[in-house]
Amino acid sequence: MTKSPPPEPDHAAADKAAELQRAFAMFNQVSADLTRAYEALQQRVASLTEELAVANGELRRQYREKEALSERLSSLLDALPAGVVLLDSAARVSAVNPVAMAMFGAQAVGQHWGDVVARSLEPTLTVGEWRLGEAWLSMAESVLPSGDGKILVIHDVTSAQRMKEELERSQRLAAMGEMAASLAHQLRTPLAAALLYASNLGQPGMSEEARAKFSDKATGQLRRLERLIQDVLLFARGESIGRDVIPAAELFAEAAQTMEPLMREHAIEFSTVDGCAGAKIVGSRKALSGALLNLLENALQATPAGGKICLTGKICSDFLSLSVRDSGPGVAPEKRDRIFEPFYTTKGQGTGLGLAIALGVARAHGGTIEISTAASEGAEFVMTLPIAAAQNEG
């Protein structure tokens with residue numbers, strides 16, 4: 001019997017086994033890589049979790065600090081004796097503290113600040129000060145660092161305003177007390193003259209012409225006495241500020257029209273330069289007109305016949321300047337410091353109160369009167385008054 005040959009090796013199966021072995025080796029390698037990556041990821045997650053916990057703790061700490069700061073600021077604003085108003089970029093009221101709420105009401109929140117001002121506040125002659133009923137308010141504003149709004153801080157300065165008025169009144173009364181002897185002399189002279197002229201009227205046999213002459217002189221002295229008493233009362237009382245809105249050009253024109261006939265009568269060359277340019281003043285028309293006429297009359301009395309007087313009005317920034325310049329003898333340097341003192345006069349018939357009253361009127365309206373040192377000859381008195389500002393609408 002013949003033996004069969006041995007079977008040939010199965011190469012295909014060997015190849016498959018080797019391939020399968022390589023696949024298992026690769027799988028093991030990938031599995032090991034994934035395991036290492038997963039472990040690294042776990043470590044990173046743990047690290048991030050720890051960092052997040054720290055960050056959350058820091059945020060919570062900052063939040064608690066800001067919350068505490070906000071509570072402190074809120075308590076501070078509530079306890080602040082001044083009113084605080086927060087405006088947004090459109091000038092609308094976004095928040096108020098209790099003091100401001102008491103001033104303007106809770107309905108002010110959400111309204112435009114200009115509407116709140118128009119409803120509740122009245123401007124005064126002093127920049128930054130307003131009237132709220134009988135109260136005086138001082139207002140300051142600050143732009144927010146972001147530029148998206150403003151903070152208004154409002155103080156009640158009523159007590160300070162009343163103290164100021166009382167101080168001015170006390171100063172006037174003190175000046176009157178210091179000048180009481182001068183006042184008595186001023187009153188006694190015209191009174192004695194009037195009594196002398198009046199006694200002559202009773203003499204028998206006096207002609208009607210002489211009687212009329214003495215009557216006119218007695219009447220003149222009594223009118224002088226009346227004017228002196230009126231000046232004293234006006235100075236002692238002080239000039240109250242009115243609420244008239246006065247076009248400066250009208251005040252200028254009225255003074256010029258009143259003085260022109262007197263200037264012609266005294267042979268004075270009178271000129272005017274109106275540069276008021278539509279400016280307006282808030283105050284007492286009667287008092288301001290009287291103060292300006294007083295300066296013109298003072299110049300008229302100081303200027304000889306044939307002289308010149310010029311009335312000039314011009315705007316200097318936020319102020320109106322009204323100057324009266326004459327070609328008279330001027331005011332000596334040693335007298336300039338006393339020219340506005342009550343009862344001080346360089347005229348034999350003057351009361352010495354005209355310039356003091358005029359200065360009081362100017363100061364009551366937020367201005368002043370000064371003697372210009374720029375005049376080369378004569379004298380120049382300059383009255384400066386604040387121009388009425390447009391109403392602030394935030």
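Preceding block: the structure.
Residues numbered from 1 in each chain as written. Predicted model: local features only at pLDDT ≥ 70, side-chain atom pairs only at ≥ 80, totals over all residues. Heavy atoms only, no water.

A look at the pattern of salt bridges
For side chains bearing opposite charge, pairing can occur when the charged atoms are close. Note the threshold: Think of a salt bridge as a Lys or Arg side-chain nitrogen and an Asp or Glu carboxyl oxygen that are within 4 Å of each other. Secondary structure is summarised from DSSP: a helix means a run of H or I of at least four residues, a strand means a run of E of at least two, and numbering begins at the N terminus for each.
All told, the structure shown has five salt bridges when counted by the stated rule. For lysine 150, the salt bridge is made with glutamate 141, and the minimal N-O distance between the two is 3.2 Å. Residue arginine 285 is joined to glutamate 254 by a salt bridge in which the shortest nitrogen-to-oxygen separation is 3.0 Å. With arginine 285 in helix H8 (residues 285-302) and glutamate 254 in helix H7 (residues 248-265), the pair connects residues that are 31 residues apart, well separated along the chain.

Re the sheet that holds strand S4 (residues 129-132)
Two pairing modes exist for strands in a sheet, parallel and antiparallel, and in both the strands are linked by backbone hydrogen bonds. Quick note on the threshold: Strands qualify as paired when DSSP identifies two bridges or more between them. A contact between two residues is defined here by any heavy atoms of the two lying within 4.5 Å. Working convention: axes come from line fits to C-alpha atoms, limited for helices to the stretch in contact. Angles between N-to-C directions cover 0 to 180 degrees.
Pairing within the open sheet is antiparallel, and its six strands lie in the order S2-S1-S6-S5-S4-S3. This sheet does not close on itself; its edge strands, each paired only once, are strand S2 (93-96) and strand S3 (122-123). Pairing analysis gives two bridges linking S3 to S4, with the strands arranged antiparallel. Note that in S4 the partner of glutamate 122 across the bridge is arginine 131. Packed onto the sheet, helix H3 (residues 113-120) meets strand S1 (83-88), S2, S3, S4, strand S5 (135-143) and strand S6 (149-156) and runs at close to 60 degrees relative to S4.

Notes on the packing of H8 against helix H10 (residues 354-364)
Our working definition: Take the far helix as your reference; a near helix turned counterclockwise from it by less than a right angle gives a left-handed crossing, and one turned clockwise gives a right-handed crossing. Side-chain classes are defined by residue name, with Ala, Val, Leu, Ile, Met, Phe, Trp, Tyr, Cys and Pro counting as nonpolar, Asp, Glu, Lys and Arg as charged, and the others, Gly among them, as polar.
Between H8 and H10, whose axes approach to 9 Å, the crossing angle comes to 145 degrees. Classified by chirality, the crossing of H10 by H8 is left-handed. Where H8 approaches H10, its residues Ala287, Leu288, Ala291, Asn294, Leu295 and Asn298 are matched on the opposing element by Gly354, Leu355, Ala358 and Val361. Classifying every residue of the contact of H8 with H10 gives seven nonpolar, three polar and no charged.

Here we look at the side chain of threonine 303
The following threshold applies: Partly exposed describes any residue whose relative accessible area lies between the buried limit of under 20% and the exposed limit of over 50%, with all areas from a 1.4 Å probe on protein chains only and scaled to the type maximum. In protein, a polar contact means a hydrogen-donor-capable atom and an acceptor-capable atom, both N or O and within 3.5 Å, with residues adjacent in sequence counting only if both atoms are side-chain atoms; elsewhere, any N or O pair within 3.5 Å suffices.
Along the polypeptide, threonine 303 turns up in the loop between H8 and strand S10 (308-316). Here threonine 303 falls in the buried class, since its relative accessible area comes to 7%. A polar contact of 2.7 Å, which involves the side chain of threonine 303, links it to the backbone oxygen of alanine 299. Setting aside chain neighbours within four positions, we find threonine 303 in contact with Ile268, Lys308, Ile309, Asp326, Ser327 and Gly328.

Any functional reading would require information that these geometric values do not contain.
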